Amino acid sequence: YGRYGAFSVQRSGYLQELALRILLYHVSIIAGRYGRTIRPVLSVGMAFYCRVFVEVWDDKAGVNNLSLSHGHLFQSIQCSSFHVTPVATNESVSAKLNGTTNENPNKKLSNVYRNGRGPCDLGEAVCGETGGSYKLGGPIWTGPLHDLDVVNDAIARLEKAKEKNGVNPSGGTPMHPLKMAKTLHGLLVSVSEELPDVPLYHSLPAICSTVNSTTIPRKMFNAALVNAGYRVSAYHKDPGAVKTDAPNHVVWDVVRGWCKENPPQPRKVNKRHRKGEEPGSNAPPKHPHSDVASLILNKEIKTKIDFTIPESIASRKKAVRYALNPEANWGPKKAASGLGNPNKGKRKAEDESEGPAQKK
């Protein structure tokens with residue numbers, strides 16, 4: 001918080017994207033202090049670092065609009081359900097930014113900035129699946145992470161250069177073959193497929209682990225959401241990510257539908273731990289341990305679940321997504337210690353030979 005002015009949510013499935021959005025939030029706040037706004041061009045997690053490419057514009061009139069791209073994160077403490085709510089709302093400006101029109105011409109859109117709302121206004125003062133409370137994270141950047149026009153242009157250049165042994169035939173960049181061209185192409189293709197207006201994502205292994213179920217094949221999980229009328233995509237950094245505009249209860253309905261066809265094995269839990277008792281105590285439990293899996297799976301399925309894979313998911317662009325490390329044991333190394341340096345101690349010896357420092 002002292003560095004970025006925001007809180008992360010530890011052990012959450014979307015930490016990779018959360019880091020990028022906290023960083024962009026911090027950049028936008030600093031830009032706003034000087035009457036400037038930002039436009040992210042490319043924001044990725046790569047090689048153990050957050051890498052963001054941002055355009056900064058002089059736009060004092062647009063500084064207030066930054067509040068529409070900031071949001072608070074509410075994470076359930078008992079499952080992976082979460083909500084992202086805006087810091088502020090403005091009907092007129094939001095319609096212009098999103099390119100939407102007024103559906104009711106008799107009603108003029110308000111041009112007043114209003115305070116954002118929490119999950120209570122969404123009908124979920126507590127987690128709708130488990131009844132658990134929320135913990136607060138953020139603020140975060142909720143706007144787009146990438147400029148898709150720039151990303152698609154870069155993909156086109158790489159594909160065109162591939163036909164000429166890595167060199168762009170039109171004389172543009174890249175002028176020479178790129179060693180990481182295949183990896184870079186896969187990264188950009190993954191980025192171009194992400195939903196630009198959906199902040200954060202669900203971790204499929206974490207969702208299935210909550211109910212002690214086998215991991216649902218990602219294609220089938222995505223197919224169920226698409227067949228239910230929602231959009232879905234992956235995330236460039238996490239192979240198990242599911243980024244979707246479906247509400248939490250629909251995501252869990254898919255899990256319930258899968259568990260109905262593939263019943264999970266009962267979780268093995270110590271009796272005293274299940275009752276909430278402390279070892280060696282005969283006292284009644286003070287904090288009973290709730291069976292989260294039962295709370296979720298016992299709810300009624302309100303969404304029609306169809307795992308048939310549609311053509312839109314079955315076919316996708318060929319690219320090397322989630323490339324492996326370039327070599328064995330690749331990653332951050334230990335900080336240099338100076339051991340084994342033949343010149344170590346040379347400067348110290350020279351200083352001693354010159355005698356004590358003279359006062360000038």
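For the structure, see preceding data.
Per-chain numbering applies: the sequence of each chain, read as written, is numbered from 1 onward. Whole-chain, interface and lining totals are the exception, using all residues; otherwise, since this is a predicted model, local features are given only for residues with pLDDT of at least 70 and side-chain atom pairs are given and counted only at 80 or more. To get the side-chain values, take all heavy atoms of the structure and skip hydrogens and water.

Structural notes on the overall build of the protein
Here is step 1 of the chain: Helix and strand counts for the protein stand at 11 helices and 10 strands.
Here is step 2 of the chain: Only protein chains enter the area calculation, which uses a 1.4 Å probe; residues under 20% of their type maximum are buried, those over 50% are exposed, and those in between are partly exposed. A total of 360 residues make up the protein; the buried ones form 36% of that total.
Here is step 3 of the chain: For the protein, the share of sequence-separated contacts (at least 6 apart) that also reach a separation of at least 24 residues comes to 68%.
Here is step 4 of the chain: Put simply, the protein shows about 22,800 Å² of open surface, and 53% of that area lies on carbon and sulfur atoms. Helix and strand labels come from DSSP, where a helix needs a run of H or I of at least four residues and a strand needs a run of E of at least two; each type is numbered from the N terminus. What makes two residues a contact is simply this: any of their non-hydrogen atoms within 4.5 Å. Accessible surface is estimated by sampling points in the Shrake-Rupley manner with a 1.4 Å probe; for residues, cover comes only from the protein chains shown.

Describing the layout of surface pockets
Regions of empty space are outlined by a rolling probe, equal in size to a water molecule, passed over the atoms.
Here is step 1 of the chain: Here a cavity means grid points, on a 1 Å grid over the protein atoms only, where a 1.4 Å probe fits yet cannot get out; a pocket means an open set of points with protein on both sides within 12 Å along at least five of seven lines; lining residues are those with an atom within 4 Å of a point. Grid points are joined across faces, edges and corners, and a volume is the space filled by probe spheres set on the points. Space inside the largest pocket adds up to approximately 1,500 Å³.
Here is step 2 of the chain: Going through the elements one at a time, strand S1 (36-46), strand S4 (82-86), strand S5 (88-89), helix H2 (91-98), strand S6 (114-115) and strand S10 (241-244) are the ones with two or more residues in the lining of the largest pocket.
Here is step 3 of the chain: Counting residues per element, the lining of the largest pocket draws most heavily on S4, which supplies five residues.
Here is step 4 of the chain: In this classification, Asp, Glu, Lys and Arg are treated as charged, Ala, Val, Leu, Ile, Met, Phe, Trp, Tyr, Cys and Pro as nonpolar, and every other residue, Gly included, as polar. Class assignment for the residues of the lining of the largest pocket results in 23 nonpolar, 17 polar and nine charged.
Here is step 5 of the chain: Every residue lining the second largest pocket is counted, 19 residues in all, and those nearest its centre are Met46, Ala47, Thr183, Lys237 and Ala323.
Here is step 6 of the chain: If you list the elements that add at least two residues to the lining of the second largest pocket, you get S1 and helix H4 (181-192).
Here is step 7 of the chain: Looking at the lining of the second largest pocket, the element that brings in the most residues is H4, giving four residues.

Examining the pairing of S1
Here is step 1 of the chain: Counting buried positions over the 11 residues of S1 gives eight, a clear majority of the element.
Here is step 2 of the chain: Any two strands are treated as partners once DSSP identifies two or more bridges connecting them. With 10 bridges connecting them, S1 and strand S2 (residues 49-58) associate as antiparallel partners. Note on S2: the bridge partner recorded for arginine 36 is aspartate 58.
Here is step 3 of the chain: The antiparallel pairing of S1 with S2 creates a hairpin that spans two residues between the two strands, and alanine 47 there sits at a positive phi of about 55 degrees.

Here we look at the packing of aromatic side chains
Here is step 1 of the chain: Geometry of aromatic contacts follows a simple scheme: Phe, Tyr and Trp rings, the Trp one being its six-membered ring, pair when their centres are within 6.5 Å, and the pair is stacked under 30 degrees between planes, edge-to-face over 60, tilted otherwise. Counted according to the given criterion, the structure contains five aromatic pairs.
Here is step 2 of the chain: Taking 4.9 Å as the distance between ring centres and 25 degrees as the angle between the ring planes, the aromatic pair formed by tyrosine 201 and tyrosine 235 counts as stacked. Here the residue tyrosine 201 occupies a position in the loop between H4 and strand S8 (202-203), and tyrosine 235 occupies one in the loop between strand S9 (232-233) and S10, the gap between them amounting to 34 residues. As far as the burial class goes, tyrosine 201 and tyrosine 235 line up, both buried.
Here is step 3 of the chain: Ring centres 5.9 Å apart and planes at 80 degrees place the aromatic pair tryptophan 258 and phenylalanine 307 in the edge-to-face group. Here tryptophan 258 is found in helix H7 (residues 248-261), whereas its partner phenylalanine 307 is found in the loop between helix H9 (292-297) and helix H10 (311-314), with 49 residues between them in sequence. For the pair formed by tryptophan 258 and phenylalanine 307, the shared burial category is buried.

Section: the packing of helix H3 (residues 148-162) against H4
Here is step 1 of the chain: It is the contact of H3 with H4, at a shortest axis distance of 10 Å, that shows an interaxial angle of 145 degrees. For the pair H3 and H4, the crossing hand works out as left-handed. Residues Leu148, Val151, Asn152, Ala154, Ile155, Leu158 and Glu159 of H3 form the contact with H4, whose participating residues are Ala181, Leu184, His185, Leu188, Val189, Val191 and Ser192.
Here is step 2 of the chain: For the contact of H3 with H4, the class distribution of residues is 10 nonpolar, three polar and one charged. Axis definition: a line fitted to C-alpha atoms, over the contacting stretch in the case of helices. Angles run 0 to 180 degrees between N-to-C directions. Here is the rule for handedness: rotate from the far helix to the near one, and if that takes an anticlockwise turn smaller than a right angle the crossing is left-handed, while a clockwise turn gives right-handed.

Remarks on the pattern of salt bridges
Here is step 1 of the chain: Salt bridges are defined as contacts in which a side-chain nitrogen from Lys or Arg sits within 4 Å of a carboxyl oxygen from Asp or Glu. Enumeration over the complete set of coordinates arrives at 12 salt bridges.
Here is step 2 of the chain: With its nearest N and O atoms 2.7 Å apart, the salt bridge here joins glutamate 17 to arginine 21. Of this pair, glutamate 17 and arginine 21 both sit in helix H1 (residues 15-33), four residues apart, which is roughly one turn of that helix. Here glutamate 17 and arginine 21 have matching classes, each one buried.

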